[in-house]
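# Architecture at a glance
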There are 2 protein chains.
Amino acid sequence: MPKITGFDVFDVRFPTSLSADGSDAMNHDADYSAAYIVLRTDDPALYGCGFTFTIGRGNDICAAAIELRARPLIGQDAEEICGDLGGIYRNLKRDSQLRWLGPDKGVEHLALGAVMNAVWDLAARQAGKPLWQLLSDMTPEQIVDATDLSYLSDALTREEALGLLTRLAPTRDQRIRQLTENGYPCYTTSAGWLGYSDEKLRRLCQEAVDQGYRHIKLKVGASLEEDIRRLAIAREVIGPDGNLMIDANQVWDVPQAIDWVKQLSEFNPMWIEEPTSPDDVLGHAEIRRAVQPIGVATGEHGMNRVLFKQLFQAAAIDYCQLDACRLASVNEVLAVQLMAAKFGIPVCPHAGGVGLCELVQHLSIFDFIAVSGDLTGRVTEFVDHLHEHFVDPCIVKDGAYVMPATPGYSAELKEQTLQEYAFPYGTYWAGTDTGQAEQAWRAGNQAGRVAFASARIETQA
Amino acid sequence: MPKITGFDVFDVRFPTSLSADGSDAMNHDADYSAAYIVLRTDDPALYGCGFTFTIGRGNDICAAAIELRARPLIGQDAEEICGDLGGIYRNLKRDSQLRWLGPDKGVEHLALGAVMNAVWDLAARQAGKPLWQLLSDMTPEQIVDATDLSYLSDALTREEALGLLTRLAPTRDQRIRQLTENGYPCYTTSAGWLGYSDEKLRRLCQEAVDQGYRHIKLKVGASLEEDIRRLAIAREVIGPDGNLMIDANQVWDVPQAIDWVKQLSEFNPMWIEEPTSPDDVLGHAEIRRAVQPIGVATGEHGMNRVLFKQLFQAAAIDYCQLDACRLASVNEVLAVQLMAAKFGIPVCPHAGGVGLCELVQHLSIFDFIAVSGDLTGRVTEFVDHLHEHFVDPCIVKDGAYVMPATPGYSAELKEQTLQEYAFPYGTYWAGTDTGQAEQAWRAGNQAGRVAFASARIETQA
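A short tour of the structure in this document, coming up. (Residues numbered from 1 in each chain as written. Chains lettered and ligands numbered in written order. Predicted model: local features only at pLDDT ≥ 70, side-chain atom pairs only at ≥ 80, totals over all residues. Heavy atoms only, no water.)

### Some remarks on the packing of aromatic side chains
Per the counting criterion, the structure on display carries 26 aromatic pairs over all chains. With 5.3 Å between their ring centres and 70 degrees between their planes, Tyr 32 of chain A and Phe 53 of chain A make a pair best called edge-to-face. Residue Tyr 32 of chain A is located in the loop between β1 (4-13) and β2 (33-41), and its partner Phe 53 of chain A is located in strand β3 (residues 47-54); the two are separated by 21 residues in the primary sequence. Here Phe 53 of chain A falls in the buried class, since its relative accessible area comes to 4%. Seen from their ring centres, Trp 252 of chain A and Trp 260 of chain A are 5.2 Å apart, and the 40 degrees between their planes marks the pair as tilted. Residue Trp 252 of chain A shares its accessibility class with Trp 260 of chain A, and that shared class is buried. Each member of the aromatic cluster is reached from another via a ring pair, and the members are Phe 14, Tyr 421, Phe 423, Tyr 428 and Trp 429 of chain A. Sitting over the face of the ring of Trp 100 of chain B, Arg 326 of chain A holds its NZ or CZ atom 5.1 Å from the ring centroid. (Phe/Tyr/Trp six-rings, centres within 6.5 Å; stacked < 30°, edge-to-face > 60°. Helix = DSSP H or I, 4+ residues; strand = E, 2+ residues; numbered from the N terminus. Buried < 20%, exposed > 50% of the residue type's maximum accessible area, 1.4 Å probe, protein only. Lys NZ or Arg CZ within 6 Å of the ring centre and 35° of its normal.)

### Some thoughts on the interface of chain A and chain B
Across the boundary between the two partners, chain A contributes 92 residues, which contact 92 residues of chain B. Our count for the contact surface shared by chain A and chain B stands at eight salt bridges. The partner of Arg 71 of chain A in a salt bridge is Glu 438 of chain B, with the nearest N and O atoms 3.0 Å apart. Here chain A is connected to chain B by 38 residue pairs in polar contact (both at pLDDT 80 or more). The class makeup of the residues in the side of chain A that touches chain B is 43 nonpolar, 24 polar and 25 charged. (Contact = heavy atoms within 4.5 Å. Salt bridge = Lys/Arg side-chain N within 4 Å of Asp/Glu carboxyl O. Polar contact = N/O pair within 3.5 Å; in protein donor to acceptor, adjacent residues only side chain to side chain. Nonpolar A, V, L, I, M, F, W, Y, C, P; charged D, E, K, R; others polar.)

### Some details on the nonpolar core
Ranked by size, the top nonpolar core spans 317 residues in total, and within it Trp 120 and Ile 272 of chain A together with Trp 120 and Ile 272 of chain B carry the most contacts. Among residues more than four places away in sequence, those in contact with Trp 120 of chain A are Leu 85, Leu 131, Leu 134, Leu 135, Ala 146, Ser 329, Val 330, Asn 331 and Tyr 409 of chain A. (Core = buried A, V, L, I, M, F, W, Y, C linked by side-chain atoms within 4.5 Å.)

### As for the relation of the copies chain A and chain B
Applying a rotation about an axis and a shift along it to one chain copy brings it onto the other copy. Laying chain A over chain B is done by rotating through 180 degrees and shifting 0.0 Å along the axis; what remains is an RMSD of 0.0 Å. Each copy turns onto its partner about a two-fold axis. Scanning chain A for the C-alpha nearest the rotation axis identifies Gly 106 of chain A, at a separation of 2.1 Å. Comparing contact sets, 100% of the residues at the interface of chain A also lie at the interface in chain B, consistent with an isologous, same-surface contact. (Least-squares fit on C-alpha atoms with pLDDT ≥ 70 in both.)

Limitation: the analysis is restricted to geometry and does not speak to function.
Here it is as structure tokens:
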């Protein structure tokens, strides 16, 4: 019986800000990053990989929080953990001192997500199944036992959750066959970053259409005039029947969101994504009432299941864009998927960044197989960046995710990537001004030990 | 013109779990802690102290986040910063990469709060005034310029904020005189921790009454039977006219909260505090409707101004218990105080822990002088723990905070405290099993560098 003997934690950052990949009205210089953990057992062939996604600075803080979250796993029996994935989640989450830093939000929650992503990867590897299949082979009771239902009973009871899963259990196989044949539908954001020129935008939209996509998403919110010009280009390329989504990345107050979106309504967007603060349930509800029939979508910054509960209760959104790393892994994702099914809201997960596509394909596939049983209005994000760094990258064909077949959660980064992009000492960063400045700061100020001792930090000047 | 030349960051922890101080239904082993920063200038006599409050593990994560948040201050002109306290706040907050870790919540927000607390302390020291007076001497325009109004315009416009402050500006002096004479009313939580015996509870309640308190708060939520027994004792001691508050520290789901609180209604509590998840605006609104006339109070885990906006909009609370460290310092506190004034909700700040009393006395005093102009229903928490570690501790007389007179934000810890309680190398911790185990872990695993390199962490066994 293998035991968990230790773990490695890496601060991995990619210099995506150099190419304006990922630029939007809020995030103009994102360096896509992963705070990454590999759980080791005394069987070298059995390990689990997980991460949370960030966009640069602060990835080190997440890595430090992951180290703290993962410590209690050392010495535990891997099979016991994999046999009670709800139990280990509750044990890790129970730490009341760490809870104070949230609860269930921000860095400590991202870190719990990364650690539990690694635990689920370990469990799927141990079972010899891709994660979606591990989940699909579980009974309704087993799934509910692994689901974090705390604080949700006014919206979803355990019995209701069981009922939703039991209803679809007998027909799971037919939906597995359907997805095996057609894949899970996705859309692309690769075309629409704000930093791209009009020519690049037009070319990328055309390429997306040529590749079989029927949905295209554009970033908006920096300049109304530019939004109108760019949306006109995109609408022209995809035609009147194509689905055009727009994404403001939280730049507006509520009244401003309503005003701005109305002025883009001529382009018939399918949804406006993140029109305002991700925490503003009542604000999203007000925007939704005002901009109908344009749908409201949010969730990539949806901090936890309690926020999503309220978004459902307040009829604030038309599309639920949960995030595989911001929620505390599969245990909390299941809760949101089940609530969405009860309230009849399609789940269209956030992806992109680094590795999010690899994770959410499993979640969407399972959602269709066992929770929603429906593809209507469902389309999962896909961004064609950075997949080459993964051992088991997602595959998209004809606008759909192909069913993953390799055991695990598709979360493993290549060894060479770690050596190259670990910040700031990896071979890539060591050759940059940014990496060298960070190394000098740490060497000069012992900043690396600031959290752990009483370090004095002085300017170099 | 002094420049900011550097800063010190300390992970300070007090072993309060040993005495069951701070024990409640959620937090049974709190070690009150401060992630503490001292900003230095090239004038040794001019510095600023700030912190965020945590309850133990993870205080190191906050310290690391503080280090990252404070770096951009190095080299800046101290007078310029102190002359534009809204500008420096927005500059620090603007970091879009760190924003991803929240936004405006969890560790990165706690860290921003600590750094800005130090900046406000610096500004008050530079002006030679206690913080409440620095604020009270500002014009309505200056106050609004320092206030974080982002995402709030659907509830409070800049013009409304100005109007609230302008209305009370001519009469500020009379309220200053009133507080100088009587102090700002407070209540005590020192009596009611769950870990205390019935005898200790009875004795502490009696002592509180003898000291002039007319409000007493008890922790509830672990056992209904025990709650009834303990509330009967407290009610007996303080008499039918004393104010009894109860605090569940988030242990209930919404339906359970309603049921439990109704069973305690015979003791006529003034408020039920934190009945459920601090994120659950709609849940608090539902509980409030169900348990009236018992009031609903929350806010010590209120993550940001957007949450408080919704609590006001949804008529979810009767008392607003903002926290001086969980909100991003004075800049965000002002926003919540102004909204509370507009919606007519009394602000009764959370305090206790370590140093929170020292901070909130300034905030409550300013609230009365310039924002609410009203003491009705207002009472600020006071817990008589750990004040001996502060250079300028708060003083409470006859159930009221005495107006602080020393320049600054009363946030400075004594040098000896830092040497003794820095974790895990301070003289106190170095002599404990906990401190020695942590030192061994860090030495053996280089965990201190996990966030900064590619560190392998293995079990010692």
